[in-house]
Amino acid sequence: MSLNLSLEKNEPDWLMQDRKRAIEQFNLLKFPEFKYGLSIKLKIPEIDFSKITPEDSNLEIIAPKEVKVLQLNDSLNNQEVQENLFITSQITNKLEAFHRAFWNQGILIIIPKGKIIQEPIKIKLSPTNSIVNNVLVIAESESQATIIEELSEGKEYFSNYVEIIAQDCSRINYFSVQKLNKDVFYFATKRSIIKSSALLNWFDFNIGGRYIVSETSSFLGEKGAETNILGLFYGSNEQQLDIASRAVHAAPHTKSDMFTRGAMNDDSKSVYRGVVKIQSNANNSNGYQKEDVILLSKNAEANAVPELKIDNNDVRCTHGATIGQIDKEKMFYLMSRGICESDAKKIIVHGFFEQVLKKIENKDLYGEFNKIIENDITN
Amino acid sequence: MSQTITQNRAMFDFKVKSRFKFKSALGLTKEVILQISQHKKEPDWMLQKRLQAFETFQKLKMPDWGPSLEKLDLNQITYFAVPDAKHDSKSWDEVPQEIKTTFERLGIPEAERTALAGTGAQYESLVVYHNLKKEWEEKGVIFEDMDVAVQKYPELVKKYFMTQCVPVNLHKFVALHAAVWSGGTFLLVPKGVKVDLPLQAYFRMNERKGGQFEHTLIIVEEGAQVHYVEGCSAPQYLASSLHAGCVEIIVKDNARVRYSSVENWSKNTFNLNTKRAIVNKNAVIEWVGGNMGSGTTMLYPCSILVGENARADHISVALAGKGQNQDVGSKVYHMASNTSSTIKSKSISMNGGITTYRGLLKISPNAANSKSCVNCDALMMDNISVSDTVPYIEVQNNSADIAHEATVGKISDEQIFYLMSRGLSKDQATQMIVSGFIEPIVKELPLEYAVELNRLVELEMEGSLG
């Protein structure tokens, strides 16, 4: 992978400059240690980036006619792309620098002003090589839509950067289902800017991959902005999961609610990092954060760092975190009804995830998730 | 909600003229350490320990997290000073008038009169007042100045002093402490002895740019029980002062210890204290703490539960006013099965003060069936203050049960309205709500400390009209 390679593409100047800056950062930054606090440390080996060559991969998208869908590479002269692409990114991490320097494909979704899109917009990505993909969503004012992203297959390195600009009074759902092959390094960044009275619901579901580094964040930039960040993860084998949710309240009357649940099996290890940041001008804001993990095996490990950073007193903020095990009584009850141990476990995990799933107001999706849980959660 | 809350620290920011027998030069050198050791006529092993610690101190880095320590100039601190008072006087009359004035304003003689079991008061780096009730002496309780203990009980001190509980290389300020420590308390409660009145030592720092490096070593043998109380207060000066004390508590099988402290250093003090307990089988440690003073505090009492069924309870309240940064929390390591811990933390920030709860909870792979519950509540009085919560939770055993909960909020207008409609002024109403907020912690303190803590909070919050 060389600098020249990506600058050959005859791209507009602003993008070339952006890539150049990112390459500089990439060379300066060290590979993250994935170490938090005194002794939380994930076993994520350093990637040899010189061996990773992102290639274009077929991206399948199903969208109703009213929605404007464009290849990002074809819309680089678009004013909105120029203004908004990577507006949420501040390179602080080598993986992010790599993404910004070497991204090779992406799509732009524009939901026109005032349009209410009933049918969900579906994005499907099943690459057979390393990929560095962008999704830029611009929800114009008073628009409504649901976007479902399905990631499967994959090889080596999968870097995905989702950016959402939710304009005034828009209501957007963005659901992500990650069921990549079990040997893929998955680096996902989902960030958003939420404007006046707009609502953004994130849902981040992680079941695949070998190393999962996933951040979901909402910047509540204007009065009345609201966000919900829901998450589910299931760790098996030797998966290492670094899951982060972040809400930044930068305006009055903003609201955030985070709810993540996870189940850890085999020798898997997870870190959940939740941050609610209330800036000093965000009066009358509410921030909630909740995380629960159950440990299914002896060698599984779960860590939590739920942070609150509060600079305004006129707020209500809470966070809670629990880490526990499967209730033995429940297991006994199920097994006394003739259900074998592994099935009983599955039922309990299913019920545990249900609490998050039922918050997704989409029947098709709900069914699909149930199917995934049914099939993929074994022993 | 708008309110004017001004802090009043005048009560504790007074100074009386001090006389010194001996004072070391500013800054820390090998010579200073030799001087300290010589002055105390210490055995060679202690001197060697100090010198080794000094080497470790030079090697270790400053912490790269938490509040800024940029303003702390370790070369501008007097590491050792001896006040001109007859060492270890047991009668109140022998204490010099100036020192008495200081103690009286802090209410020490009253505390003594209220039938406390013993008082060891530290003025600068020497214990000038020490009194232990005969009753306990007969039962074999050793309650002694740490310096004296080195001479009188060398074997015990050698065995426990910074060996198993707080290792010298734990962090930079522990190493510093080990190099220059002076004074403090040595407490040993023999097997099966139950001390039912609290034992207390009141520390006080009064020399300009004074450092206070007292060492507290508490050993509680099998089945014994004790409640130890420590309080701190220092007058206000301009140059930065440093407090880097160390508390080591060893709780043996079936024993029970309660350690209470109210720390109220003056606002230019850096309070970088280290407190740790090793808790054995079926034993209980209880930490009760109040942090009101100092400019910057970094204090995380730590319990290491090494025996089965061991338990740790941490309760604390922190108050940060203008220019203060209270970075406090609790650390609990569950290292054995069926261990349990509860952490209850309350903080109040006002006038731009910063409070941070920074905690660590670790369940090691062999700590089966461990339980822990963490509860942090923060109250913010105004819009310029800051409250952060940063708990680290690590679970490596699947039979553990962990719950963490935190809330941040303000005093609700409704509550204020209700109290005001009953004829209270706004200030009174606010104070009453704050008193109620910290009540669960205050009630765990011995009476005179509870009174003092309440009084301190009241003083800190006193309205501009008084």
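On a predicted model such as this, the values are computed, not experimentally measured, just so you know. Within each chain, residues carry numbers counting from 1 in the order of the written sequence. To label them, take the chains in the order written and letter them from A, then take the ligands in the order written and number them from 1. Thresholds applied to this predicted model are a pLDDT of at least 70 for local features of residues and 80 or more for the giving and counting of side-chain atom pairs; totals over whole chains, interfaces and linings are not thresholded and use all residues. For the side-chain quantities, the full set of heavy atoms in the structure was used; hydrogens and water were omitted.

### Here we look at the overall build of chain B
Going along the chain from the N terminus, every DSSP run of H or I of four or more residues is numbered as a helix, and every run of E of two or more is numbered as a strand. Scanning chain B for helices and strands turns up eleven helices and 25 strands. Throughout, a residue-residue contact means that at least one pair of heavy atoms, one from each residue, lies within 4.5 Å. Contacts spanning at least 24 positions in sequence make up 84% of the contacts within chain B whose residues lie at least 6 apart.

### Here we look at the packing of aromatic side chains
Residue and element names in this part refer to chain A. In summary, the pairing rule links any two rings of Phe, Tyr or Trp, Trp by its six-membered ring, whose centres are within 6.5 Å, and it sorts them by plane angle into stacked for under 30 degrees, edge-to-face for over 60 and tilted for everything else. Applying the stated criterion across every chain, the model contains 26 aromatic pairs over all chains. Both rings, one in Phe-31 and one in Phe-49, keep their centres 6.5 Å apart while their planes meet at 55 degrees; by these two values the pair is tilted. A residue pair is termed long-range when its members are at least 10 positions apart, and Phe-31 in the loop between helix 2 (13-28) and strand 1 (35-36) and Phe-49 in the loop between strand 2 (40-41) and strand 3 (59-62) qualify at 18 residues. The pair Phe-31 / Phe-49 is uniform in exposure class, with both members buried. Ring centres of Phe-175 and Phe-203 lie 6.2 Å apart, and the angle between their planes is 80 degrees; this geometry places the pair in the edge-to-face category. Separated by 28 residues along the polypeptide, Phe-175 in strand 10 (residues 171-180) and Phe-203 in strand 12 (residues 199-206) bring together distant segments of the chain. Exposure categories follow from relative accessible area, calculated using a 1.4 Å probe and restricted to protein chains: below 20% of the type maximum is buried, above 50% is exposed, and the middle band is partly exposed.

### What about the pairing of strand 15 (residues 240-249) of chain A?
Residue and element names in this part refer to chain A. In terms of burial, strand 15 is largely enclosed, as nine of its ten residues are buried. DSSP-based pairing: two strands are paired if at least 2 bridges between them are found. Relative to strand 15, strand 13 (residues 211-220) is paired through ten bridges, and the arrangement is parallel. Looking at strand 15, one finds that Ser-217 is bridged to Arg-246. Here ten bridges tie strand 15 to strand 17 (residues 269-278), and the two strands are oriented parallel to one another. The residue of strand 17 that forms the bridge with Val-248 is Lys-277.

### Quick word on the packing of helix 6 (residues 341-357) of chain A against helix 7 (residues 363-376) of chain A
Residues and elements named next belong to chain A. All axes are obtained by fitting lines to C-alpha atoms, using only the stretch in contact for helices, and the reported angles, taken between N-to-C directions, cover 0 to 180 degrees. Between helix 6 and helix 7, whose axes approach to 11 Å, the crossing angle comes to 150 degrees. Between helix 6 and helix 7, the interaxial angle falls into the category roughly antiparallel. Helix 6 and helix 7 meet at a crossing whose hand is right-handed. Counted together, Lys-346, His-350, Phe-353, Glu-354 and Leu-357 of helix 6 and Tyr-366, Phe-369, Asn-370, Ile-373 and Glu-374 of helix 7 form the full contact between these two elements. Classification convention: Asp, Glu, Lys, Arg as charged; Ala, Val, Leu, Ile, Met, Phe, Trp, Tyr, Cys, Pro as nonpolar; all other residues, Gly among them, as polar. Residues that form the contact of helix 6 with helix 7 fall into these classes: five nonpolar, two polar and three charged. Here is the rule for angles: anything less than 35 degrees is roughly parallel, anything more than 145 is roughly antiparallel, 65 through 115 is roughly perpendicular, and the remaining ranges are oblique. By definition, turning the near helix anticlockwise from the far helix through less than a right angle yields a left-handed crossing, and turning it clockwise yields a right-handed one.

### Let's talk about the pattern of salt bridges
Residue and element names in this part refer to chain A. For this document, the term salt bridge refers to a Lys or Arg side-chain nitrogen within 4 Å of an Asp or Glu carboxyl oxygen. Using the criterion set out here, one finds 29 salt bridges over all chains in the structure. The salt bridge partner of Arg-261 is Asp-292, with a shortest N-O separation of 2.9 Å. Taken together, the positions of Arg-261 in strand 16 (residues 255-264) and Asp-292 in strand 18 (residues 285-295) put the pair 31 residues apart, joining distant regions of the chain. The residues Arg-261 and Asp-292 share a single accessibility class, namely buried.

### Overview of the nonpolar core
We call a set of buried residues a nonpolar core when its members are Ala, Val, Leu, Ile, Met, Phe, Trp, Tyr or Cys and they connect through side-chain atoms within 4.5 Å of each other. By size, the foremost hydrophobic cluster in this structure holds 98 residues, and its most contacted members are Ile109(A), Ile111(A), Tyr174(A), Ile323(A), Leu187(B), Ile249(B) and Ile285(B). Core analysis: the next-biggest nonpolar cluster, separate from the first, contains 49 residues, Leu72(B), Ile142(B), Val180(B) and Leu217(B) among them.

### Some points on the interface of chain A and chain B
If you look at the interface, chain A gives 37 residues, while chain B gives 34 residues. Regarding the contact of chain A and chain B, the summed buried area is about 2,800 Å², with carbon and sulfur atoms giving 47% of it. Inspection of the region where chain A meets chain B yields one salt bridge. For Lys410(B), the salt bridge goes to Asp314(A), with nearest N and O atoms at 2.6 Å. Accessible-area loss on putting two parts together, using a 1.4 Å probe and summing over both, is the definition of buried area adopted here.

### Section: unusual backbone geometry
Residue and element names in this part refer to chain B. Of note, the phi angle at Lys-41 is positive, near 50 degrees, even though the residue is not glycine. Within the secondary structure layout, Lys-41 lies in the loop between helix 1 (30-39) and helix 2 (44-59). The phi angle at Asn-369 is positive, at roughly 55 degrees, despite the residue not being glycine.

### What about helix 7 of chain A?
Residue and element names in this part refer to chain A. The span expected for a helix works out to 1.5 Å for each residue beyond the first. Between its first and last C-alpha atoms helix 7 spans 20 Å; for 14 residues at 1.5 Å apiece the expected length is 20 Å, and the two agree. The complete set of buried residues in helix 7 reads Leu-365, Phe-369, Asn-370, Ile-372 and Ile-373. One face of helix 7 carries all of its buried residues, which in axial projection span an arc of 160 degrees. Exposed residues on helix 7 whose side chains face more than 90 degrees from its buried face are Lys-363, Asp-364, Lys-371 and Asn-375. Note: the arc covers the axis-to-C-beta directions of the helix.

### Points about the packing of helix 2 of chain A against helix 4 (residues 94-102) of chain A
All names here are of chain A. Orientation of helix 2 relative to helix 4, taken along the N-to-C sense of each, is 150 degrees, at an axis distance of 8 Å. On the basis of the axis angle, helix 2 is roughly antiparallel to helix 4. Both helix 2 and helix 4 take part in a crossing whose hand is left-handed. The residues of helix 4 that touch helix 2, namely those facing Asp-18, Arg-19, Ala-22, Ile-23, Gln-25 and Phe-26, are Lys-94, Ala-97, Phe-98, Arg-100, Ala-101 and Phe-102. When grouped by side-chain class, the residues that make up the contact of helix 2 with helix 4 number seven nonpolar, one polar and four charged.

### Quick notes on the pairing of strand 5 (residues 105-111) of chain A
Residue and element names in this part refer to chain A. For strand 5, the buried fraction is high: seven of the seven residues fall into the buried class. Neither face of strand 5 is left uncovered, since the one carrying Gln-105, Ile-107, Ile-109 and Ile-111 and the one carrying Gly-106, Leu-108 and Ile-110 both have all their residues buried. Where strand 4 (residues 68-71) meets strand 5, four bridges bridge the pair, whose relative direction is antiparallel. Residue pairing in the sheet places Lys-68 in a bridge with Ile-110 of strand 5.

### Considering the side chain of Asp382(B)
Locating Asp382(B) in the fold gives a position in the loop between strand 23 (371-380) and strand 24 (386-395). For the buried residue Asp382(B), which engages in no salt bridge, the nearest side chain bearing the opposite charge is Lys322(B), 11 Å off. Whenever two N or O atoms come within 3.5 Å, that pair is a polar contact, provided that in protein one can donate a hydrogen and the other can accept it, and provided that, for residues adjacent in sequence, both atoms are side-chain atoms. A distance of 3.2 Å separates a polar side-chain atom of Asp382(B) from the backbone nitrogen of Ile384(B). With residues up to four places along the chain from it excluded, the contact list for Asp382(B) reads Asn313(A), Met350(B), Asn351(B) and Gly352(B). In this tally, Lys and Arg are treated as positive and Asp and Glu as negative; His is ignored, and so are the chain termini.

### Some details on the environment of Thr56(B)
Residue and element names in this part refer to chain B. Topologically, Thr-56 is positioned in helix 2. Residues Thr-56 and Gln-38, spaced 18 residues apart in sequence, show a C-alpha to C-alpha distance of 21 Å. Filtering out sequence-adjacent residues up to four positions away, Thr-56 remains in contact with Asn-169 and Ala-175. Within the structure, the side chain of Thr-56 is placed 2.9 Å from the backbone oxygen of Gln-52, a separation counted as a polar contact.

### Comments concerning the confidence of the model for chain B
Residues and elements named next belong to chain B. One number per residue, pLDDT, summarises how confident the predictor is, and it ranges from 0 to 100. On average, residues of chain B carry a pLDDT of 81, and 77% of them reach 70 or more. In this model, residues 111-119 is a region of pLDDT below 50 whose contacts with residues beyond four sequence positions or in other chains number 29 contacts. When the criterion is pLDDT under 50, residues 206-210 qualifies, and its contacts beyond four places in sequence or with other chains add up to 25 contacts. Two numbers describe this predicted complex: its pTM, 0.82, and its ipTM, 0.76.

### Quick notes on the confidence of the model for chain A
Put simply, chain A has an average pLDDT of 90, and 97% of its residues get 70 or more. Below a pLDDT of 50 lies the segment residues 1-5 of chain A, which in the model reaches eight contacts outside its immediate sequence neighbourhood of four places, other chains included.

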